[in-house]
Amino acid sequence: MQHEDRLRIWIEQGNVNVSQLFFSNYKSLGINDLDAMLIMQMTSFKAAGNEFPTPSDFSKRMSLTENEVSMILQRLMQHGFLRIGQSEDASGVLYETFSLHPLWSRLTDKVVLAEEEVEKGHQEMSEGEIFKLFEQEFGRFLSPMESESISMWLDDDGHSVEIIRAALKEAVLAEKLSLRYIDRILFEWKKKNVKTLDQVESHTKKFRSVGIRPSQQKERVATVKRVPFYNWLEERD
């Protein structure tokens, strides 16, 4: 047989695709290497059109007896990785199939859970950093009451870390560094449905432009100006 013929046969046999999620996570699901190999063989049989390979079929491909194959299949079903289902051919005849859907579902759930845990960890880290940022700006440790106030902004009022950081920045720029002032800013932003940093910038920009004369707005020369800040503690409609 010529090299080209062997290569053609190899290509025509096709490739068996097994998700990288399986290789990365099967051990953590309690699947050993031998069971994993049988799962890959099952996937190969399915790709070739054999959806219900017998223990004899597996044994011919693997260094396992038919009894050992049967034990692995039983173990996979007991652990909820494999099930036997039914399908119908074009003639309406029912036939049995192996389904690895429970395994793929478990893998997907595991990945989603892991991503949620990572996201939760990042969120908790950001929330922890906001307390440190307040202490840095205040130049001292926060009191228990101050820490509780910040926690209430996060948990009870539903403000994001980014919005609280922006309110702190607004207070620093206005030289009114107090929790009461920051609380008022957050109250006003929530009332105005300000939830993003872009909305914060748009909302505060119009107040900072108040008090600048038209003639000043037309000036193009580089001059140092005092930027007016809005007093968030003033009562208004």
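Residues numbered from 1 in each chain as written. Predicted model: local features only at pLDDT ≥ 70, side-chain atom pairs only at ≥ 80, totals over all residues. Heavy atoms only, no water.

Q: Run through the packing of aromatic side chains, naming residues and quoting values.
A: For any pair of aromatic rings, the description consists of the separation of the ring centres together with the inter-plane angle of the planes. Using the criterion set out here, one finds 7 aromatic pairs in the structure. For the ring pair phenylalanine 22 and tryptophan 104, a centre distance of 6.0 Å and an interplane angle of 85° mean the geometry is edge-to-face. Of this pair, phenylalanine 22 sits in helix H2 (residues 20-25) while tryptophan 104 sits in helix H6 (residues 101-138), and the two are 82 residues apart along the sequence. Judged by its relative accessible area of 0%, phenylalanine 22 is buried. Under the relative-accessibility criterion, tryptophan 104 is labelled partly exposed at 30%. Aromatic pair phenylalanine 134 and tryptophan 153: ring centres 6.0 Å apart, planes at 45°, arrangement tilted. Here the residue phenylalanine 134 occupies a position in helix H6, and tryptophan 153 occupies one in helix H7 (residues 144-155), the gap between them amounting to 19 residues. For tryptophan 153, a relative accessible area of 3% gives the class buried. Among the aromatic residues, ring-to-ring pairing joins Phe22, Phe23, Tyr26 and Trp104 into one connected group. Taking the ring centre of phenylalanine 45 as reference, the NZ or CZ of arginine 61 above it sits at 3.9 Å. (Phe/Tyr/Trp six-rings, centres within 6.5 Å; stacked < 30°, edge-to-face > 60°. Helix = DSSP H or I, 4+ residues; strand = E, 2+ residues; numbered from the N terminus. Buried < 20%, exposed > 50% of the residue type's maximum accessible area, 1.4 Å probe, protein only. Lys NZ or Arg CZ within 6 Å of the ring centre and 35° of its normal.)

Q: Describe the pairing of strand S1 (residues 83-88), with residues and values.
A: Here 6 bridges tie S1 to strand S2 (residues 94-99), and the two strands are oriented antiparallel to one another. Bridge pairing links glycine 85 to threonine 97 in S2. (Pairing = 2+ DSSP bridges.)

Q: Report on the confidence of the model for the protein chain, specifying residues and quantitative values.
A: When pLDDT is averaged along the protein chain, the result is 80; 75% of the residues meet or exceed 70. Residue range residues 211-229 is modelled with pLDDT below 50. Its contacts to residues more than four positions away, or to other chains, number 12 contacts. (pLDDT = per-residue confidence, 0-100. Contact = heavy atoms within 4.5 Å.)

Q: Describe helix H8 (residues 161-173), with residues and values.
A: Between its first and last C-alpha atoms H8 spans 18 Å; for 13 residues at 1.5 Å apiece the expected length is 18 Å, and the two agree. Those residues of H8 lying buried are Val161, Ile163, Ile164, Ala166, Ala167, Leu168, Glu170 and Ala171. (Expected span 1.5 Å × (residues − 1).)

Q: I'd love a proper account of the packing of H8 against helix H9 (residues 179-191), names of residues and values included.
A: At a closest axis distance of 9 Å, the pairing of H8 and H9 adopts a crossing angle of 125°. Between H8 and H9, the angle falls in the class oblique. The two elements H8 and H9 meet at a crossing, and its hand is right-handed. Contacts from Ile163, Ile164, Ala166, Ala167, Leu168, Glu170 and Ala171 in H8 reach Tyr181, Ile182, Ile185, Leu186 and Trp189 in H9. Residue composition of the contact of H8 with H9, grouped by class: 11 nonpolar, no polar and 1 charged. (Axes fitted to C-alpha atoms, helices over the stretch in contact; angles between N-to-C directions. Parallel < 35°, antiparallel > 145°, perpendicular 65-115°, else oblique. Left-handed = near helix turned anticlockwise from the far one by under 90°. Nonpolar A, V, L, I, M, F, W, Y, C, P; charged D, E, K, R; others polar.)

Q: Would you mind going over helix H3 (residues 33-47) in detail, with residue names and values included?
A: Spanning 15 residues, H3 covers 21 Å between terminal C-alpha atoms, matching the ideal 21 Å at 1.5 Å per step. Buried within H3 are the following residues: Asp35, Ala36, Leu38, Ile39, Gln41, Met42, Thr43, Ser44 and Phe45. By the N-cap criterion, in which a side-chain oxygen at the helix start approaches the backbone nitrogen of a residue two or three places on, H3 is capped by asparagine 32, the distance to leucine 34 being 3.1 Å. Of the residues flanking the end of H3, it is glycine 49, one or two places downstream, whose phi is positive at about 100°. (Polar contact = N/O pair within 3.5 Å; in protein donor to acceptor, adjacent residues only side chain to side chain.)

Q: Residues and numbers for the packing of H3 against helix H5 (residues 66-78), please.
A: Close contact between H3 and H5 brings their axes to 11 Å; oriented N to C, the two are set at 90°. If you check the angle between H3 and H5, you find them roughly perpendicular. Contact residues: H3 offers Leu34, Asp35, Leu38, Ile39 and Met42, while H5 offers Val69, Ile72, Leu73, Arg75 and Leu76. When its residues are assigned to classes, the contact of H3 with H5 shows 8 nonpolar, no polar and 2 charged.

Q: Account for a negative patch on the surface, naming residues and giving values.
A: On the surface, a cluster of negative charge is made up of Glu148, Asp155, Asp156, Asp157 and Asp183. When you line up the elements, aspartate 157 lands in the loop between H7 and H8. (Patch = residues over 30% accessible without salt bridge, like charges linked within 9 Å, V, L, I, M, F, W, Y side chains within 5 Å. Areas by Shrake-Rupley, 256 points an atom, 1.4 Å probe, with all protein chains shown as cover. Salt bridge = Lys/Arg side-chain N within 4 Å of Asp/Glu carboxyl O. Lys, Arg positive; Asp, Glu negative; His and termini not counted. Charge placed at Lys NZ, Arg CZ, Asp CG, Glu CD.)

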